[in-house]
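A closer look at the structure
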Amino acid sequence: MVRTPLTPEERLRGERLGRLLREVRGRRSMVEIAASAGISAETLRKIETGRAPTPAFFTVAALAGALGLSMDELLLRCAPEPDIVPLAG
């Protein structure tokens, strides 16, 4: 099976998710958080480093729960910065 290449936006979204997870995890071990979320430490490592930029929804939800993040907060913190368009005047 051939995978469709990721778009630049998908790659950036994965990078933002990885940064957020690392930030929120803080000093807690990768093994501890992964076990709490019911995934392998290797899967968490791939997500945090951007090597798995499009994890399954349930994986993201489990990680959010293990880290004490709501899905709303996770979405807001991973959303891209809005483009600033000057008003015509």
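Residue positions are given per chain, counting from 1 as you read along its sequence in written order. Only residues with pLDDT of 70 or above have their local features reported here, since the model is predicted, and side-chain atom pairs are shown and tallied only from 80 upward, although totals for entire chains, interfaces and linings are computed over all residues. For side-chain calculations, the full set of non-hydrogen atoms in the structure is used, while hydrogens and water are omitted.

It is worth spelling out the nonpolar core at this point. In this description, a nonpolar core means a group of buried Ala, Val, Leu, Ile, Met, Phe, Trp, Tyr and Cys residues linked to one another through side-chain atoms lying within 4.5 Å. Any residue under 20% of the maximum accessible area for its type is buried, any over 50% is exposed, and the rest in between are partly exposed; the area is computed with a 1.4 Å probe on protein chains only. Ranked by size, the top nonpolar core spans 19 residues in total, and within it Leu17, Leu21, Leu44, Leu63 and Leu74 carry the most contacts. Where helices and strands are cited, they refer to DSSP runs of H or I of at least four residues and of E of at least two residues respectively, numbered from the N terminus. Within the residue set of this core, elements represented by two or more residues are helix 1 (8–25), helix 2 (30–37), helix 3 (41–49), helix 4 (57–67) and helix 5 (71–78). When residues in this core are grouped by element, the largest group, 5 residues, is from helix 4. The contact partners of Leu21, leaving out residues within four places of it in the chain, are Leu44, Ile47, Glu48, Leu63 and Leu67. Contact definition: two residues touch when any of their heavy atoms are within 4.5 Å.

Here we come to the confidence of the model for the protein chain. For every residue, the predictor reports its confidence as pLDDT, a number between 0 and 100. When pLDDT is averaged across the protein chain, the result is 89; 90% of the residues are at 70 or more. Within the protein chain, the lowest mean pLDDT, 89, falls on helix 5, and the highest, 97, falls on helix 2.

Glancing now at the environment of Ala79. Within the secondary structure, Ala79 is located in the segment after helix 5. By relative accessible area, Ala79 is classed as partly exposed at 33%. Sequence separation of Ala79 and Arg16 is 63 residues, and the distance between their C-alpha atoms is 8.0 Å.

Here we come to a nonpolar patch on the surface. Residues form patches when they are more than 30% accessible in relative terms and have no salt bridge. Like charges link within 9 Å. Nonpolar side chains (Val, Leu, Ile, Met, Phe, Trp, Tyr) link within 5 Å. All accessible-area figures derive from a Shrake-Rupley calculation using a 1.4 Å probe, and residue coverage is judged against the displayed protein chains alone. What makes a salt bridge here is a side-chain nitrogen of Lys or Arg within 4 Å of a carboxyl oxygen of Asp or Glu, nothing more. Residues Phe57, Phe58 and Met71 make up a contiguous nonpolar surface patch of about 360 Å² in total accessible area. Mapped onto the elements of the fold, Phe58 is located in helix 4.

A word on helix 2. Looking only at helix 2, the buried set comprises Met30, Ile33, Ala34 and Ala37. Seen along its axis, helix 2 keeps its buried residues to an arc of 100 degrees; they face one direction. Exposed and oriented more than 90 degrees from the buried face of helix 2 are Val31, Ala35 and Ser36. Contact partners of the buried residues in helix 2: helix 1, helix 3 and helix 4. In the stretch just after helix 2, Gly38 is the one whose phi turns positive, near 80 degrees. Along the arc lie the directions from the helix axis toward the C-beta atoms.

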